[in-house]
Amino acid sequence: MFHRDYVVRHPSGRGWVYAIVGAGLASLVRSRSDDDGLRNGELRASVPTGDARTAEYVRELMRVVRAGGTGVFAVDPITNDTARRAEKNFIAWPDAASRFGAKNAPLLTNGPTAWFTVDPQ
């Protein structure tokens, strides 16, 4: 039922897009390779109002993700300047950070001009 009613092909023809519905639903949209770089993935959750158990589950899930992840810093693609502070709610998992997060060739991205590095300065 979920797949039939809420999952559709991504407009790009690559991957799937789905709605966030239902109590206790948390999902990971996996990152994907893009021209030798890594396009961002996304962790999503649906917490219905008044659902304390789901809210607690999502808080713990996010705590684990933040504890295991590495902060990323925006990189200006023209000047190669790096932001002073890490981006809020953006992280790189350690394997992605080590493979794609170098400042001299930032390949963590969520768009053609949105580059990120794990090197703070």
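Placed above this text is the structure.
Source: prediction; values computed, not measured.

K.L.:
Account for the packing of aromatic side chains, with residues named and values stated.
P.N.:
Using the criterion set out here, one finds one aromatic pair in the structure. Ring geometry for phenylalanine 90 and phenylalanine 116: centres 5.3 Å apart, planes at 55°, overall tilted. Separated by 26 residues along the polypeptide, phenylalanine 90 in the loop between β8 (73–75) and β9 (91–92) and phenylalanine 116 in strand β11 (residues 114–117) bring together distant segments of the chain. Its relative accessible area of 32% is what places phenylalanine 90 among the partly exposed residues. Since its relative accessible area comes to 9%, phenylalanine 116 is described here as buried.

K.L.:
Mind laying out the environment of threonine 70, listing which residues take part and the relevant values?
P.N.:
Topologically, threonine 70 is positioned in strand β7 (residues 70–71). The partly exposed category is assigned to threonine 70, whose relative accessible area is 28%. Taking the C-alpha atoms as reference points, threonine 70 and alanine 92, 22 residues apart in sequence, are found 5.1 Å from one another. If near-sequence neighbours (up to four positions away) are discounted, threonine 70 is found in contact with Ile91, Ala92, Ala97 and Val118.

K.L.:
Outline the pairing of strand β10 (residues 108–111), listing residues and values.
P.N.:
In terms of strand pairing, strand β5 (residues 37–39) meets β10 through two bridges, oriented parallel. Paired with leucine 38 across the two strands is leucine 108, which belongs to β10. Bridge analysis of β10 against β11 gives three bridges, and the strand direction is antiparallel. Within the sheet, the bridge partner assigned to leucine 108 lies in β11 and is phenylalanine 116. Here β10 folds back onto β11, and the loop between the two strands holds two residues.

What counts and how
- Residues numbered from 1 in each chain as written.
- Predicted model: local features only at pLDDT ≥ 70, side-chain atom pairs only at ≥ 80, totals over all residues.
- Heavy atoms only, no water.
- Phe/Tyr/Trp six-rings, centres within 6.5 Å; stacked < 30°, edge-to-face > 60°.
- Helix = DSSP H or I, 4+ residues; strand = E, 2+ residues; numbered from the N terminus.
- Buried < 20%, exposed > 50% of the residue type's maximum accessible area, 1.4 Å probe, protein only.
- Contact = heavy atoms within 4.5 Å.
- Pairing = 2+ DSSP bridges.

Note that all results are geometric; they support no functional claim without further evidence.
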